[in-house]
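Spelled out, the chains give:
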Amino acid sequence: MKKLAKILAVVMVIAVAASMFASCGKEEPEAPVEKTKLVMGTSADFPPYEYVEDNGDYAGIDIEIIRGFADAYNYDLEIQDMDFKSIITAVNSKAVDFGMSGFTITDERKLSVNFSDPYEITCQSILVLEGSDIKTKEDLAGKLIGVQAGTTGDDFVTEDFGQDAVNQYDKYSLAIQALLNKQVDCVVLDEQTAVEFLKANPSIKKLDTAYGEEQYAVAFNFEDTELLGQFNEYLAKIKADGSLDAIFAKYKEA
Ligand code: ARG
């Protein structure tokens, strides 16, 4: 009898304790999950990576990757469209939290920002007007070359052909316009973006250049190593589960 009473007592204590726990959980107001705001600097003139749709929405490969990341880590993403040449400085001075804009990893940029793991491999192309006598990179000597200011394409041709041979534009759309207006003889730009401009302009032709392979990554402030770690973790996941490939397929085939 005594033993049974003891067991009953123990059971009751456990039950009371359990109900206390349960009510504790209920009574405590649920802390509102505040999203941390994350501001991304980009130059949205770079299809299929970042561009503005007719309805004003941002779209593209970079935009989808980063929206997925923001969702997964509960960030409130804000996109700030700016000239490409200003983004690294903005990341460096914390005017934005990070830069994602088809950024090629370069040693020079590594002095100013931390790069994530790469998510894309590409190279430079040359766009010329149909009927142009430019057939290879070597033919660029003596020509006027359009580039987006501050890009790797800008660096390469300035180094090879000198500053006087290069017209810098803040946006690729302006460089393409200059080509169509015959204000420049060609535009040197990243391969996939060249393909996109080609689709929209039948009078333009694409040549390959001999500039080497480039890898895209996201640029973070040196201090934001936690954010960088989170992004790399997310990137590894979407590389492994096929969702990154699905994003590429969606934007590159259309
Ligand atoms: N990949 C080249 C670079 O890093 C060009 C990037 C241009 N990006 C842009 N969104 N306009 O310099």
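Computed from a predicted model, the values in this text were never measured in an experiment.

1. Brief notes about the sheet that holds strand E6 (residues 98–99)
Across a sheet, paired strands are connected by hydrogen bonds in the backbone, their directions being either parallel or antiparallel. Across the sheet, which stays open at both edges, the 5 strands sit in the order E5-E1-E6-E15-E7 with mixed pairing between neighbours. The open sheet has two free edges, formed respectively by strand E5 (75–81) and strand E7 (114–115), since each of these has just one partner strand. Two strands pair when backbone bridges link them, and E6 and strand E15 (residues 219–220) are joined in this way by 2 bridges, in the antiparallel orientation. Within the sheet, the bridge partner assigned to Gly-99 lies in E15 and is Ala-219.

2. Observations regarding the environment of Val-91
Within the secondary structure, Val-91 sits in helix H3 (residues 84–92). For Val-91 and Asn-114, which are 23 residues apart along the polypeptide, the C-alpha to C-alpha distance reads 9.8 Å. Once residues within four sequence positions are removed from consideration, Val-91 is found in contact with Val-96, Phe-98, Gly-99, Val-113, Ala-219, Phe-220 and Asn-221.

3. Quick notes on the packing of helix H2 (residues 61–72) against helix H8 (residues 225–240)
For the pair H2 and H8, the least separation of the axes is 10 Å and the interaxial angle reads 110 degrees. The orientation of H2 relative to H8 falls into the category roughly perpendicular. Crossing of H2 over H8 shows right-handed handedness. Touching Ile-65, Ile-66, Gly-68, Phe-69 and Ala-72 of H2 are Leu-227, Gln-230, Phe-231, Tyr-234 and Ile-238, all from H8.

4. Quick word on the site of the ligand
Among the 16 residues in the neighbourhood of the ligand, the closest are listed as Ser-101, Thr-104, Arg-109, Gln-148 and Asp-190. A distance of 2.7 Å separates a nitrogen atom of the ligand from a polar side-chain atom of Ser-101. A distance of 2.8 Å separates a nitrogen atom of the ligand from a polar side-chain atom of Thr-104. Here the ligand loses 100% of its free accessible area of 340 Å² to cover by the protein chains.

5. Points about the packing of aromatic side chains
Applying the stated criterion to the full structure yields 13 aromatic pairs. Of the aromatic side chains, those joined through ring pairs into one cluster are Phe-69, Tyr-73, Tyr-75, Phe-98, Phe-220, Phe-231 and Tyr-234. Its guanidinium or amino end placed over the ring of Tyr-211, Lys-137 lies 4.1 Å from that ring's centre, counting from NZ or CZ. The residue whose ring lies beneath Lys-252 is Phe-248, and the NZ or CZ to ring-centre distance is 4.5 Å.

6. Concerning the sheet that holds strand E13 (residues 204–208)
As summarised here, the arrangement of the 5 strands in space is E11-E10-E12-E9-E13, forming an open sheet in which the pairing is mixed. Single-partner strands in this sheet number two, and they are strand E11 (166–169) and E13. Going across the sheet, the axis of each strand differs from the next one's by a mean of 30 degrees, ignoring polarity. The pairing of strand E10 (residues 145–148) with strand E12 (residues 186–190) spans 2 bridges and is parallel. Directly across from Gly-146, in E12, lies its bridge partner Val-187. Strands in contact with helix H6 (residues 172–180) are strand E9 (124–129), E10, E11, E12 and E13; relative to E12, the strand with the most contacts, it is inclined by about 150 degrees.

7. Some details on H6
Residues of H6 that are buried include every one of Tyr-172, Ala-175, Ile-176, Ala-178 and Leu-179, and no others. What you see down the axis of H6 is that its buried residues fit within an arc of 155 degrees, all on one side. Remark: Lys-182 follows H6 within two positions and exhibits a positive phi of approximately 60 degrees.

8. Points about the pattern of salt bridges
On inspection of all chains with the given rule, the structure shows 14 salt bridges. Close ionic contact of Lys-250 with Glu-64 constitutes a salt bridge, the shortest N to O distance being 2.4 Å. In this pair, Lys-250 sits in helix H9 (residues 243–253) while Glu-64 sits in helix H2, placing the two residues 186 residues apart along the sequence. For Glu-64, a relative accessible area of 25% puts it in the partly exposed group.

9. Examining the nonpolar core
Judged by nonpolar contacts, the single largest core of 43 residues is most densely connected at Ile-65, Met-100, Leu-127 and Phe-231. Among residues more than four places away in sequence, those in contact with Ile-65 are Met-100, Tyr-119, Phe-231, Tyr-234, Ile-238, Leu-244 and Ile-247.

Here is what the cut-offs are and how they apply
- Residues numbered from 1 in each chain as written.
- Predicted model: local features only at pLDDT ≥ 70, side-chain atom pairs only at ≥ 80, totals over all residues.
- Heavy atoms only, no water.
- Pairing = 2+ DSSP bridges.
- Helix = DSSP H or I, 4+ residues; strand = E, 2+ residues; numbered from the N terminus.
- Contact = heavy atoms within 4.5 Å.
- Axes fitted to C-alpha atoms, helices over the stretch in contact; angles between N-to-C directions.
- Parallel < 35°, antiparallel > 145°, perpendicular 65-115°, else oblique.
- Left-handed = near helix turned anticlockwise from the far one by under 90°.
- Near = heavy atom within 4 Å.
- Polar contact = N/O pair within 3.5 Å; in protein donor to acceptor, adjacent residues only side chain to side chain.
- Areas by Shrake-Rupley, 256 points an atom, 1.4 Å probe, with all protein chains shown as cover.
- Phe/Tyr/Trp six-rings, centres within 6.5 Å; stacked < 30°, edge-to-face > 60°.
- Lys NZ or Arg CZ within 6 Å of the ring centre and 35° of its normal.
- Buried < 20%, exposed > 50% of the residue type's maximum accessible area, 1.4 Å probe, protein only.
- Arc of directions from axis to C-beta.
- Salt bridge = Lys/Arg side-chain N within 4 Å of Asp/Glu carboxyl O.
- Core = buried A, V, L, I, M, F, W, Y, C linked by side-chain atoms within 4.5 Å.

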